[in-house]
Amino acid sequence: MRFRWKIAIVVLATVGLLDLVLSVAYERNLDQFLLDHSAQTLREHFSPTADVYMNRLARMRLPLPALGRDLALDLTRHDVAALVLDADGRVVASGKILPEDLDPAPVRDDAVRRILSGDSLATYVHRVEGGRELVMYIPLRSLSPASGLVGVIQLSTPLTDVDRSLGRLRLILIGAAMATLLASGVLALLFGGYLAVPLEKLEATCCAIARGELHRRSELPHGRDEVGRLATSFDEMVHKLEAAFTAQQRFVTDAAHQLKTPLTVLSGHLELLERMVIADPAKVLTSYATMREQVSRLDHVLRRLITLSALDAGAPLQREEVNLGDIAARVLDDFRVLAGARQLQLVRGDNATADVDPNQIREALGNLVDNAIRHTAPTGTITIEVGGGRITVRDDGVGIAPERLPRIFDRFYRYPPTGDGFGLGLAIARGIVESHGGRLSAESIPGHGTSLTLTVPAVRL
Ligand SMILES: Nc1ncnc2c1ncn2[C@@H]1O[C@H](COP(=O)(O)OP(=O)(O)OP(=O)(O)O)[C@@H](O)[C@H]1O
Ligand SMILES: [Mg+2]
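Residues numbered from 1 in each chain as written. Chains lettered and ligands numbered in written order. Predicted model: local features only at pLDDT ≥ 70, side-chain atom pairs only at ≥ 80, totals over all residues. Heavy atoms only, no water.

What about the overall build of the chain?
Then, in step 1: When helices and strands are counted, the chain shows 10 helices and 13 strands.
Then, in step 2: Its C-alpha atoms give the chain a radius of gyration of 53 Å, more than 25% over the compact-globule value 23 Å for 461 residues.
Then, in step 3: Going through the 461 residues of the chain one by one, you find that 38% of them count as buried.
Then, in step 4: Once local pairs closer than 6 in sequence are excluded, the contacts in the chain between residues at least 24 apart make up 62%.
Then, in step 5: With the model as given, the accessible surface of the chain reaches about 27100 Å², and the carbon-plus-sulfur share is 58%.
Then, in step 6: For the chain, the distance from the average position of its 52 positive side-chain charges to the average position of its 55 negative side-chain charges is 2 Å. (Helix = DSSP H or I, 4+ residues; strand = E, 2+ residues; numbered from the N terminus. Rg over C-alpha atoms; globule rule 2.2 N^0.38 Å. Buried < 20%, exposed > 50% of the residue type's maximum accessible area, 1.4 Å probe, protein only. Contact = heavy atoms within 4.5 Å. Areas by Shrake-Rupley, 256 points an atom, 1.4 Å probe, with all protein chains shown as cover. Lys, Arg positive; Asp, Glu negative; His and termini not counted. Charge placed at Lys NZ, Arg CZ, Asp CG, Glu CD.)

Here it is, written out as C-alpha coordinates:
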(Lines give C-alpha, C1' and ligand atoms only; values in the text may rest on other atoms or scores of the structure.)
(Ligands and ions follow the chains in the order given, each with its own letter.)
Protein backbone atom coordinates (compact mmCIF):
# COMPACT_ATOMS: atom_id res chain seq x y z
CA MET A 1 0.00 0.00 0.00
CA ARG A 2 1.29 3.46 -0.85
CA PHE A 3 2.70 5.66 1.87
CA ARG A 4 0.19 8.49 1.35
CA TRP A 5 -2.76 6.06 1.68
CA LYS A 6 -1.38 4.73 4.94
CA ILE A 7 -1.14 8.28 6.33
CA ALA A 8 -4.66 9.06 5.09
CA ILE A 9 -6.07 5.92 6.76
CA VAL A 10 -4.40 6.71 10.09
CA VAL A 11 -5.62 10.33 10.00
CA LEU A 12 -9.16 9.31 8.98
CA ALA A 13 -9.32 6.66 11.72
CA THR A 14 -8.15 9.17 14.34
CA VAL A 15 -10.45 11.98 13.21
CA GLY A 16 -13.37 9.54 12.87
CA LEU A 17 -12.86 8.19 16.39
CA LEU A 18 -12.54 11.70 17.78
CA ASP A 19 -15.72 12.78 15.96
CA LEU A 20 -17.58 9.78 17.33
CA VAL A 21 -16.47 10.29 20.95
CA LEU A 22 -17.19 14.03 20.88
CA SER A 23 -20.58 13.61 19.18
CA VAL A 24 -21.73 10.91 21.60
CA ALA A 25 -20.55 12.94 24.62
CA TYR A 26 -22.24 16.09 23.31
CA GLU A 27 -25.48 14.29 22.48
CA ARG A 28 -25.61 12.57 25.90
CA ASN A 29 -25.00 15.86 27.69
CA LEU A 30 -27.63 17.69 25.73
CA ASP A 31 -30.12 14.85 26.22
CA GLN A 32 -29.56 14.96 29.97
CA PHE A 33 -29.90 18.74 30.02
CA LEU A 34 -33.18 18.64 28.09
CA LEU A 35 -34.54 15.87 30.32
CA ASP A 36 -33.66 17.84 33.46
CA HIS A 37 -35.27 20.89 31.95
CA SER A 38 -38.48 19.00 31.05
CA ALA A 39 -38.64 17.47 34.53
CA GLN A 40 -38.20 20.88 36.11
CA THR A 41 -40.94 22.41 33.97
CA LEU A 42 -43.29 19.54 34.70
CA ARG A 43 -42.74 19.79 38.40
CA GLU A 44 -43.12 23.56 38.55
CA HIS A 45 -46.28 23.35 36.53
CA PHE A 46 -48.01 20.70 38.60
CA SER A 47 -46.81 21.31 42.14
CA PRO A 48 -49.32 24.19 42.80
CA THR A 49 -52.26 21.96 41.81
CA ALA A 50 -51.08 19.29 44.20
CA ASP A 51 -50.72 21.90 46.94
CA VAL A 52 -54.30 23.09 46.41
CA TYR A 53 -55.60 19.54 46.83
CA MET A 54 -53.50 18.94 49.90
CA ASN A 55 -55.03 22.08 51.39
CA ARG A 56 -58.47 20.89 50.58
CA LEU A 57 -57.82 17.42 52.08
CA ALA A 58 -56.48 18.96 55.24
CA ARG A 59 -59.36 21.37 55.55
CA MET A 60 -62.07 18.82 54.86
CA ARG A 61 -60.22 16.09 56.82
CA LEU A 62 -60.75 13.63 54.00
CA PRO A 63 -58.62 10.68 52.94
CA LEU A 64 -56.73 10.90 49.63
CA PRO A 65 -59.03 8.49 47.68
CA ALA A 66 -61.90 10.96 48.22
CA LEU A 67 -60.26 13.64 46.04
CA GLY A 68 -57.83 11.40 44.15
CA ARG A 69 -59.90 11.25 40.94
CA ASP A 70 -60.38 15.08 40.84
CA LEU A 71 -56.69 15.59 41.44
CA ALA A 72 -55.76 13.11 38.67
CA LEU A 73 -58.15 14.84 36.25
CA ASP A 74 -56.79 18.30 37.14
CA LEU A 75 -53.26 17.13 36.55
CA THR A 76 -54.04 15.54 33.17
CA ARG A 77 -53.36 17.59 30.02
CA HIS A 78 -53.32 16.77 26.33
CA ASP A 79 -49.59 15.98 26.70
CA VAL A 80 -49.52 14.78 30.33
CA ALA A 81 -50.96 11.59 31.84
CA ALA A 82 -51.44 11.47 35.62
CA LEU A 83 -51.93 8.73 38.17
CA VAL A 84 -52.58 9.21 41.88
CA LEU A 85 -51.20 6.53 44.23
CA ASP A 86 -51.89 6.16 47.96
CA ALA A 87 -49.29 5.90 50.74
CA ASP A 88 -49.04 2.15 50.12
CA GLY A 89 -48.16 2.62 46.47
CA ARG A 90 -51.52 1.42 45.14
CA VAL A 91 -53.14 3.33 42.24
CA VAL A 92 -56.06 5.36 43.56
CA ALA A 93 -57.08 7.22 40.41
CA SER A 94 -56.13 7.78 36.76
CA GLY A 95 -56.65 11.02 34.82
CA LYS A 96 -57.43 9.24 31.54
CA ILE A 97 -61.12 9.39 30.75
CA LEU A 98 -61.23 10.12 27.01
CA PRO A 99 -59.86 7.72 24.41
CA GLU A 100 -57.60 10.47 23.03
CA ASP A 101 -56.09 11.07 26.47
CA LEU A 102 -52.58 9.73 26.87
CA ASP A 103 -52.11 6.33 28.49
CA PRO A 104 -50.31 6.66 31.80
CA ALA A 105 -46.91 4.92 31.97
CA PRO A 106 -46.78 1.60 33.84
CA VAL A 107 -46.02 2.17 37.52
CA ARG A 108 -42.45 1.44 38.51
CA ASP A 109 -42.36 -0.06 41.92
CA ASP A 110 -38.78 0.90 42.62
CA ALA A 111 -39.46 4.58 41.85
CA VAL A 112 -42.58 4.57 44.05
CA ARG A 113 -40.59 2.93 46.87
CA ARG A 114 -37.98 5.66 46.58
CA ILE A 115 -40.64 8.37 47.05
CA LEU A 116 -42.32 6.49 49.90
CA SER A 117 -38.98 6.19 51.63
CA GLY A 118 -38.46 9.96 51.57
CA ASP A 119 -37.11 11.05 48.14
CA SER A 120 -38.62 14.30 46.90
CA LEU A 121 -38.46 13.39 43.20
CA ALA A 122 -37.89 10.33 41.00
CA THR A 123 -37.71 10.47 37.22
CA TYR A 124 -36.95 7.96 34.52
CA VAL A 125 -37.30 7.65 30.77
CA HIS A 126 -39.73 5.09 29.49
CA ARG A 127 -39.49 3.74 25.93
CA VAL A 128 -42.79 3.53 24.11
CA GLU A 129 -43.62 2.72 20.55
CA GLY A 130 -42.48 5.62 18.39
CA GLY A 131 -40.38 7.44 21.02
CA ARG A 132 -39.74 8.00 24.71
CA GLU A 133 -41.65 9.54 27.58
CA LEU A 134 -40.53 11.16 30.78
CA VAL A 135 -42.07 9.63 33.89
CA MET A 136 -41.96 11.56 37.15
CA TYR A 137 -42.96 10.68 40.69
CA ILE A 138 -43.76 13.48 43.19
CA PRO A 139 -44.71 12.90 46.86
CA LEU A 140 -48.04 14.20 48.16
CA ARG A 141 -47.43 15.50 51.67
CA SER A 142 -50.22 16.49 53.99
CA LEU A 143 -50.19 20.04 55.34
CA SER A 144 -50.74 18.72 58.87
CA PRO A 145 -47.35 17.46 60.04
CA ALA A 146 -49.01 14.53 61.85
CA SER A 147 -50.28 12.88 58.64
CA GLY A 148 -46.98 13.14 56.68
CA LEU A 149 -46.88 11.41 53.27
CA VAL A 150 -50.36 10.65 52.00
CA GLY A 151 -49.64 9.53 48.45
CA VAL A 152 -47.63 9.79 45.23
CA ILE A 153 -48.37 11.42 41.92
CA GLN A 154 -47.07 9.83 38.71
CA LEU A 155 -46.86 12.16 35.75
CA SER A 156 -45.78 11.03 32.31
CA THR A 157 -45.22 13.17 29.24
CA PRO A 158 -43.96 12.28 25.74
CA LEU A 159 -40.44 13.53 24.90
CA THR A 160 -41.35 14.28 21.30
CA ASP A 161 -39.75 17.75 21.26
CA VAL A 162 -36.62 16.57 22.99
CA ASP A 163 -36.30 13.61 20.59
CA ARG A 164 -36.91 15.90 17.63
CA SER A 165 -34.21 18.32 18.82
CA LEU A 166 -31.81 15.44 19.38
CA GLY A 167 -32.61 14.03 15.94
CA ARG A 168 -31.80 17.40 14.37
CA LEU A 169 -28.61 17.61 16.40
CA ARG A 170 -27.61 14.10 15.29
CA LEU A 171 -28.04 15.12 11.65
CA ILE A 172 -25.89 18.22 12.22
CA LEU A 173 -23.22 16.18 14.01
CA ILE A 174 -23.16 13.55 11.25
CA GLY A 175 -22.88 16.30 8.63
CA ALA A 176 -20.05 17.98 10.55
CA ALA A 177 -18.30 14.63 11.01
CA MET A 178 -18.55 13.87 7.29
CA ALA A 179 -17.18 17.33 6.45
CA THR A 180 -14.24 16.98 8.88
CA LEU A 181 -13.53 13.46 7.61
CA LEU A 182 -13.57 14.64 4.02
CA ALA A 183 -11.40 17.68 4.74
CA SER A 184 -8.90 15.75 6.87
CA GLY A 185 -8.80 12.91 4.30
CA VAL A 186 -7.98 15.33 1.48
CA LEU A 187 -5.39 17.16 3.64
CA ALA A 188 -3.84 13.84 4.74
CA LEU A 189 -3.57 12.69 1.12
CA LEU A 190 -1.96 16.00 0.09
CA PHE A 191 0.41 15.98 3.08
CA GLY A 192 1.18 12.25 2.59
CA GLY A 193 1.95 13.00 -1.06
CA TYR A 194 4.23 15.85 0.00
CA LEU A 195 6.04 13.54 2.45
CA ALA A 196 6.19 10.70 -0.04
CA VAL A 197 7.84 12.75 -2.82
CA PRO A 198 11.37 12.49 -1.34
CA LEU A 199 10.90 8.79 -0.64
CA GLU A 200 9.68 8.18 -4.18
CA LYS A 201 12.65 10.10 -5.57
CA LEU A 202 15.00 8.11 -3.34
CA GLU A 203 13.36 4.87 -4.42
CA ALA A 204 13.78 5.80 -8.10
CA THR A 205 17.46 6.64 -7.48
CA CYS A 206 18.01 3.34 -5.63
CA CYS A 207 16.49 1.42 -8.56
CA ALA A 208 18.71 3.32 -11.01
CA ILE A 209 21.79 2.61 -8.86
CA ALA A 210 20.83 -1.06 -8.64
CA ARG A 211 20.75 -1.07 -12.46
CA GLY A 212 24.36 0.16 -12.41
CA GLU A 213 23.87 3.93 -12.80
CA LEU A 214 26.27 4.77 -9.97
CA HIS A 215 26.54 8.42 -11.05
CA ARG A 216 22.92 9.04 -9.94
CA ARG A 217 22.23 11.08 -6.78
CA SER A 218 19.10 11.63 -4.69
CA GLU A 219 18.40 15.09 -6.27
CA LEU A 220 16.93 16.22 -2.95
CA PRO A 221 17.89 19.43 -1.16
CA HIS A 222 20.50 18.80 1.54
CA GLY A 223 18.52 20.66 4.21
CA ARG A 224 18.72 20.35 7.97
CA ASP A 225 15.49 18.42 8.44
CA GLU A 226 15.30 14.60 8.50
CA VAL A 227 14.84 14.33 4.72
CA GLY A 228 17.72 16.73 4.09
CA ARG A 229 20.04 14.78 6.38
CA LEU A 230 18.94 11.51 4.79
CA ALA A 231 19.67 12.95 1.34
CA THR A 232 23.14 14.12 2.47
CA SER A 233 24.03 10.73 3.94
CA PHE A 234 22.59 8.89 0.95
CA ASP A 235 24.53 10.98 -1.57
CA GLU A 236 27.74 10.62 0.43
CA MET A 237 27.24 6.87 0.60
CA VAL A 238 26.64 6.58 -3.15
CA HIS A 239 29.63 8.81 -3.83
CA LYS A 240 31.86 6.49 -1.79
CA LEU A 241 30.31 3.44 -3.44
CA GLU A 242 30.96 4.90 -6.86
CA ALA A 243 34.57 5.74 -5.93
CA ALA A 244 35.12 2.25 -4.53
CA PHE A 245 33.50 0.64 -7.55
CA THR A 246 35.55 2.71 -9.98
CA ALA A 247 38.76 1.94 -8.05
CA GLN A 248 37.85 -1.74 -8.07
CA GLN A 249 37.24 -1.69 -11.80
CA ARG A 250 40.52 0.13 -12.42
CA PHE A 251 42.32 -2.30 -10.17
CA VAL A 252 40.96 -5.31 -12.03
CA THR A 253 41.78 -3.75 -15.41
CA ASP A 254 45.31 -2.82 -14.29
CA ALA A 255 45.88 -6.24 -12.75
CA ALA A 256 44.69 -7.95 -15.92
CA HIS A 257 46.97 -5.70 -17.93
CA GLN A 258 49.96 -6.55 -15.72
CA LEU A 259 49.28 -10.26 -16.07
CA LYS A 260 48.75 -10.01 -19.80
CA THR A 261 52.35 -9.13 -20.78
CA PRO A 262 54.12 -12.09 -19.10
CA LEU A 263 51.37 -14.43 -20.28
CA THR A 264 51.72 -13.21 -23.88
CA VAL A 265 55.49 -13.70 -23.74
CA LEU A 266 55.04 -17.15 -22.23
CA SER A 267 52.47 -18.33 -24.74
CA GLY A 268 54.61 -16.95 -27.63
CA HIS A 269 57.65 -18.92 -26.51
CA LEU A 270 55.61 -22.06 -25.86
CA GLU A 271 54.15 -21.86 -29.36
CA LEU A 272 57.59 -21.49 -30.90
CA LEU A 273 58.88 -24.44 -28.89
CA GLU A 274 55.84 -26.55 -29.79
CA ARG A 275 56.24 -25.91 -33.48
CA MET A 276 59.98 -26.65 -33.13
CA VAL A 277 60.70 -23.29 -34.73
CA ILE A 278 63.64 -22.91 -32.37
CA ALA A 279 65.92 -25.80 -33.21
CA ASP A 280 69.17 -24.35 -31.87
CA PRO A 281 69.70 -25.81 -28.30
CA ALA A 282 71.27 -22.51 -27.12
CA LYS A 283 68.17 -20.59 -28.25
CA VAL A 284 65.93 -23.18 -26.60
CA LEU A 285 67.76 -22.55 -23.33
CA THR A 286 67.38 -18.78 -23.77
CA SER A 287 63.70 -19.27 -24.43
CA TYR A 288 63.34 -21.35 -21.26
CA ALA A 289 65.20 -18.68 -19.29
CA THR A 290 62.80 -16.02 -20.61
CA MET A 291 59.83 -18.17 -19.68
CA ARG A 292 61.21 -18.77 -16.18
CA GLU A 293 61.69 -15.04 -15.76
CA GLN A 294 58.12 -14.32 -16.88
CA VAL A 295 56.77 -17.04 -14.58
CA SER A 296 58.68 -15.49 -11.67
CA ARG A 297 57.25 -12.04 -12.61
CA LEU A 298 53.77 -13.54 -12.69
CA ASP A 299 54.41 -15.15 -9.31
CA HIS A 300 55.71 -11.82 -7.96
CA VAL A 301 52.75 -9.76 -9.16
CA LEU A 302 50.24 -12.35 -7.99
CA ARG A 303 51.80 -12.36 -4.51
CA ARG A 304 51.59 -8.56 -4.43
CA LEU A 305 47.97 -8.61 -5.54
CA ILE A 306 47.15 -11.15 -2.84
CA THR A 307 48.91 -8.94 -0.24
CA LEU A 308 46.90 -5.92 -1.43
CA SER A 309 43.58 -7.73 -1.33
CA ALA A 310 44.40 -9.06 2.17
CA LEU A 311 45.09 -5.46 3.23
CA ASP A 312 41.84 -4.33 1.63
CA ALA A 313 39.98 -7.07 3.49
CA GLY A 314 41.51 -5.83 6.76
CA ALA A 315 43.48 -8.99 7.59
CA PRO A 316 44.34 -9.09 11.32
CA LEU A 317 47.81 -7.93 12.47
CA GLN A 318 50.09 -10.11 14.61
CA ARG A 319 51.24 -7.27 16.83
CA GLU A 320 54.12 -7.59 19.26
CA GLU A 321 56.51 -5.21 20.96
CA VAL A 322 59.57 -4.88 18.72
CA ASN A 323 62.50 -2.58 18.17
CA LEU A 324 62.07 -0.86 14.82
CA GLY A 325 65.88 -0.53 14.56
CA ASP A 326 66.17 -4.35 14.61
CA ILE A 327 63.66 -4.65 11.79
CA ALA A 328 65.52 -2.01 9.76
CA ALA A 329 68.84 -3.84 10.29
CA ARG A 330 67.31 -7.09 9.01
CA VAL A 331 65.84 -5.36 5.95
CA LEU A 332 69.23 -3.85 5.11
CA ASP A 333 70.79 -7.33 5.38
CA ASP A 334 68.10 -8.67 3.00
CA PHE A 335 69.09 -6.07 0.38
CA ARG A 336 72.90 -6.12 0.62
CA VAL A 337 73.27 -8.25 -2.51
CA LEU A 338 70.84 -6.17 -4.57
CA ALA A 339 72.51 -2.95 -3.38
CA GLY A 340 75.86 -3.95 -4.90
CA ALA A 341 78.39 -1.14 -4.42
CA ARG A 342 75.80 1.25 -2.92
CA GLN A 343 76.27 2.13 0.73
CA LEU A 344 73.58 1.02 3.16
CA GLN A 345 73.55 2.87 6.49
CA LEU A 346 71.46 2.54 9.61
CA VAL A 347 71.13 5.43 12.09
CA ARG A 348 69.47 4.37 15.34
CA GLY A 349 67.83 6.98 17.56
CA ASP A 350 65.65 6.93 20.69
CA ASN A 351 62.00 5.86 20.94
CA ALA A 352 62.39 2.91 18.58
CA THR A 353 60.13 0.41 20.34
CA ALA A 354 56.70 -0.16 18.83
CA ASP A 355 53.72 -2.48 19.03
CA VAL A 356 53.51 -3.65 15.40
CA ASP A 357 53.32 -6.71 13.18
CA PRO A 358 57.10 -7.19 12.52
CA ASN A 359 56.65 -9.18 9.29
CA GLN A 360 54.35 -6.56 7.78
CA ILE A 361 56.62 -3.64 8.75
CA ARG A 362 59.54 -5.55 7.32
CA GLU A 363 57.68 -5.96 4.02
CA ALA A 364 56.74 -2.27 3.91
CA LEU A 365 60.30 -1.18 4.69
CA GLY A 366 61.62 -3.67 2.14
CA ASN A 367 59.56 -1.98 -0.57
CA LEU A 368 61.00 1.45 0.35
CA VAL A 369 64.59 0.17 0.36
CA ASP A 370 64.01 -1.72 -2.91
CA ASN A 371 62.81 1.51 -4.55
CA ALA A 372 65.71 3.50 -3.09
CA ILE A 373 68.25 1.03 -4.50
CA ARG A 374 66.58 0.92 -7.92
CA HIS A 375 66.55 4.72 -8.24
CA THR A 376 70.05 5.42 -6.92
CA ALA A 377 73.30 5.39 -8.82
CA PRO A 378 75.52 2.28 -8.25
CA THR A 379 77.76 4.39 -6.00
CA GLY A 380 74.92 6.06 -4.11
CA THR A 381 74.04 5.91 -0.44
CA ILE A 382 70.84 4.70 1.19
CA THR A 383 70.27 5.57 4.84
CA ILE A 384 67.61 4.30 7.23
CA GLU A 385 67.01 6.52 10.27
CA VAL A 386 65.03 5.01 13.10
CA GLY A 387 63.79 7.01 16.09
CA GLY A 388 61.14 9.34 17.41
CA GLY A 389 58.39 6.94 16.35
CA ARG A 390 59.50 7.09 12.73
CA ILE A 391 61.53 5.23 10.13
CA THR A 392 62.90 7.31 7.26
CA VAL A 393 64.47 5.77 4.17
CA ARG A 394 66.67 8.39 2.48
CA ASP A 395 68.56 8.08 -0.79
CA ASP A 396 70.66 10.38 -2.93
CA GLY A 397 69.23 9.05 -6.17
CA VAL A 398 67.41 10.62 -9.12
CA GLY A 399 64.51 11.95 -7.08
CA ILE A 400 60.89 12.38 -8.16
CA ALA A 401 59.48 15.33 -10.11
CA PRO A 402 56.93 17.34 -8.01
CA GLU A 403 54.07 16.60 -10.42
CA ARG A 404 54.67 12.86 -10.05
CA LEU A 405 55.13 12.87 -6.29
CA PRO A 406 51.39 12.79 -5.38
CA ARG A 407 50.84 9.76 -7.57
CA ILE A 408 53.57 7.42 -6.38
CA PHE A 409 51.29 5.73 -3.81
CA ASP A 410 48.62 4.96 -6.44
CA ARG A 411 48.15 1.34 -7.31
CA PHE A 412 49.95 0.37 -10.58
CA TYR A 413 51.60 3.77 -10.85
CA ARG A 414 55.19 3.41 -11.93
CA TYR A 415 57.71 5.58 -13.66
CA PRO A 416 58.97 5.11 -16.26
CA PRO A 417 55.90 3.15 -17.42
CA THR A 418 58.18 0.67 -19.16
CA GLY A 419 60.07 -0.05 -15.91
CA ASP A 420 60.53 -3.48 -14.36
CA GLY A 421 58.22 -2.91 -11.42
CA PHE A 422 54.46 -3.22 -11.22
CA GLY A 423 53.78 0.01 -9.38
CA LEU A 424 52.48 -1.85 -6.34
CA GLY A 425 55.35 -1.57 -3.82
CA LEU A 426 54.41 1.82 -2.35
CA ALA A 427 50.68 1.06 -2.46
CA ILE A 428 51.35 -2.05 -0.36
CA ALA A 429 53.70 -0.14 1.99
CA ARG A 430 51.08 2.55 2.54
CA GLY A 431 48.35 -0.08 3.07
CA ILE A 432 50.46 -1.79 5.75
CA VAL A 433 51.32 1.44 7.54
CA GLU A 434 47.71 2.65 7.49
CA SER A 435 46.46 -0.71 8.79
CA HIS A 436 48.68 0.02 11.82
CA GLY A 437 47.01 3.42 12.13
CA GLY A 438 50.13 5.18 10.83
CA ARG A 439 51.12 7.35 7.87
CA LEU A 440 53.56 7.12 4.95
CA SER A 441 54.81 10.33 3.36
CA ALA A 442 57.36 11.24 0.71
CA GLU A 443 59.63 14.20 0.03
CA SER A 444 61.92 14.51 -2.93
CA ILE A 445 64.29 16.93 -4.63
CA PRO A 446 64.77 15.89 -8.24
CA GLY A 447 68.46 15.13 -8.88
CA HIS A 448 69.28 15.08 -5.18
CA GLY A 449 67.31 12.27 -3.68
CA THR A 450 64.14 11.10 -2.02
CA SER A 451 63.09 10.34 1.51
CA LEU A 452 60.07 8.28 2.56
CA THR A 453 58.94 8.46 6.16
CA LEU A 454 56.89 5.81 7.86
CA THR A 455 55.18 6.75 11.14
CA VAL A 456 53.48 4.27 13.43
CA PRO A 457 51.55 5.81 16.31
CA ALA A 458 51.92 2.94 18.75
CA VAL A 459 55.55 3.75 19.48
CA ARG A 460 56.40 3.52 23.20
CA LEU A 461 58.97 5.40 25.18
N1 LIG B 1 63.21 6.31 -3.90
C2 LIG B 1 62.68 6.62 -5.06
N3 LIG B 1 63.32 7.44 -5.93
C4 LIG B 1 62.75 7.78 -7.11
N5 LIG B 1 61.53 7.36 -7.53
C6 LIG B 1 60.89 6.56 -6.73
C7 LIG B 1 61.40 6.16 -5.43
N8 LIG B 1 60.46 5.37 -4.85
C9 LIG B 1 59.41 5.30 -5.71
N10 LIG B 1 59.67 6.01 -6.83
C11 LIG B 1 58.73 6.17 -7.98
O12 LIG B 1 57.46 5.73 -7.59
C13 LIG B 1 56.99 4.73 -8.48
C14 LIG B 1 56.10 3.78 -7.74
O15 LIG B 1 56.86 3.00 -6.84
P16 LIG B 1 56.36 1.56 -6.45
O17 LIG B 1 57.30 0.97 -5.50
O18 LIG B 1 54.95 1.67 -6.06
O19 LIG B 1 56.36 0.80 -7.83
P20 LIG B 1 57.56 0.14 -8.57
O21 LIG B 1 58.76 0.20 -7.75
O22 LIG B 1 57.61 0.80 -9.91
O23 LIG B 1 57.07 -1.35 -8.77
P24 LIG B 1 57.01 -2.52 -7.67
O25 LIG B 1 57.38 -1.91 -6.37
O26 LIG B 1 55.61 -2.98 -7.72
O27 LIG B 1 57.94 -3.56 -8.12
C28 LIG B 1 58.18 4.11 -9.07
O29 LIG B 1 57.93 3.57 -10.36
C30 LIG B 1 59.13 5.32 -9.16
O31 LIG B 1 58.89 6.07 -10.32
MG1 LIG C 1 58.82 -0.52 -5.76
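Quick look at the sheet that holds strand 11 (residues 439-445)
Then, in step 1: In spatial order, the strands read 7-9-10-12-11; together these five strands make up an open sheet with mixed pairing. Of all strands in the sheet, those bounded by a partner on one side alone are strand 7 (343-348) and strand 11. Across the sheet, the axes of successive neighbouring strands diverge by a mean angle of 15°, strand direction being ignored.
Then, in step 2: Both strand 9 (residues 381-387) and strand 10 (residues 390-395) contribute to a ladder of six bridges, which runs antiparallel. Each bridged residue has a counterpart across the sheet, and for E385 the counterpart in strand 10 is T392.
Then, in step 3: Against the sheet, helix 7 (residues 324-334) makes contact with strand 7, strand 9 and strand 10, and its axis sits at roughly 175° relative to strand 7, the strand it touches most. (Pairing = 2+ DSSP bridges. Axes fitted to C-alpha atoms, helices over the stretch in contact; angles between N-to-C directions.)

Points about the site of ligand 1
Then, in step 1: Around ligand 1 there are 19 residues in total, and N371, Y415, G423, L424 and L426 lie nearest to it.
Then, in step 2: Between Y415 and ligand 1, the recorded distance is 2.8 Å, taken from a backbone N or O atom to an oxygen atom.
Then, in step 3: Note that an oxygen atom of ligand 1 is positioned 3.0 Å from one of the backbone N or O atoms of F422.
Then, in step 4: For ligand 1, whose unbound accessible area comes to 590 Å², protein coverage reaches 95%.
Then, in step 5: When contributions to the shell around ligand 1 are tallied by element, the ones reaching two or more residues are helix 9 (358-374) and helix 10 (425-435).
Then, in step 6: Residues belonging to the shell around ligand 1 are distributed by class as follows: eight nonpolar, seven polar and four charged. (Near = heavy atom within 4 Å. Polar contact = N/O pair within 3.5 Å; in protein donor to acceptor, adjacent residues only side chain to side chain. Nonpolar A, V, L, I, M, F, W, Y, C, P; charged D, E, K, R; others polar.)

Things to note about the packing of helix 7 against helix 9
Then, in step 1: One way to put it is that helix 7 packs onto helix 9 with a least axis distance of 9 Å and a crossing angle of 50°. Put simply, helix 7 runs oblique to helix 9. Helix-helix and strand crossings are classified by hand; for helix 7 and helix 9 the assignment is right-handed. The segment helix 7 lies against helix 9, with L324, I327, A328, R330, V331 and D334 engaging P358, I361, R362, L365, G366 and V369. (Parallel < 35°, antiparallel > 145°, perpendicular 65-115°, else oblique. Left-handed = near helix turned anticlockwise from the far one by under 90°.)

Focus: the environment of M237
Then, in step 1: In this fold, M237 is placed in helix 5 (residues 226-274).
Then, in step 2: Each C-alpha atom, one on M237 and one on R217, is 9.9 Å from the other, the two residues being 20 residues apart in sequence.

So, the domain arrangement of the chain
Then, in step 1: Each assigned domain of the chain is listed with its residue range as follows: domain 1 (3-168), domain 2 (226-312) and domain 3 (320-460).
Then, in step 2: For domain 1 and domain 2, the distance between their C-alpha centroids amounts to 103 Å. (Domains from an automatic or database assignment.)

Description of unusual backbone geometry
Then, in step 1: Along the chain, Y415 connects to P416 via a cis peptide bond; the corresponding omega equals -5°.
Then, in step 2: Here P416 shows up in the loop between strand 10 and helix 10.
Then, in step 3: Despite not being glycine, E219 shows a phi value in the positive range, around 60°.
Then, in step 4: On the secondary structure map, E219 appears in the loop between helix 4 (160-210) and helix 5.
Then, in step 5: The exposure class assigned to E219 is exposed, which follows from its relative accessible area of 58%.

Observations regarding the sheet that holds strand 2 (residues 91-94)
Then, in step 1: Here we have five strands laid out as an open sheet, ordered 2-1-5-4-3, and antiparallel in their pairing. Taken across any chain shown, the strands that pair with only one partner, and hence form the sheet edges, are strand 2 and strand 3 (122-128). On average, each strand axis in the sheet is tilted by 25° relative to the strand beside it, whichever way the strands run.
Then, in step 2: In this sheet, strand 5 (residues 149-158) lies alongside strand 4 (residues 131-141) in antiparallel orientation, the contact comprising nine bridges. Across the sheet, residue M136 finds its bridge partner in strand 5, namely L155.
Then, in step 3: With respect to the sheet, helix 3 (residues 109-116) is in contact with strand 1 (81-86), strand 3, strand 4 and strand 5, its orientation differing from that of strand 4 by roughly 30°.

What to know about the pattern of salt bridges
Then, in step 1: Taken as a whole and judged by the stated rule, the model has 22 salt bridges.
Then, in step 2: Linking D86 and R90 is a salt bridge whose minimum nitrogen-to-oxygen distance equals 3.5 Å.
Then, in step 3: Here D163 ties to R132 by a salt bridge, and the two come within 2.7 Å at their closest N and O atoms. Of the two residues, D163 is situated in helix 4 and R132 in strand 4; the sequence distance between them amounts to 31 residues.
Then, in step 4: Residue D163 is classed as partly exposed on the basis of its relative accessible area, which comes to 23%.
Then, in step 5: Residue classification places R132 among the buried residues on the basis of a relative accessible area of 11%. (Salt bridge = Lys/Arg side-chain N within 4 Å of Asp/Glu carboxyl O.)

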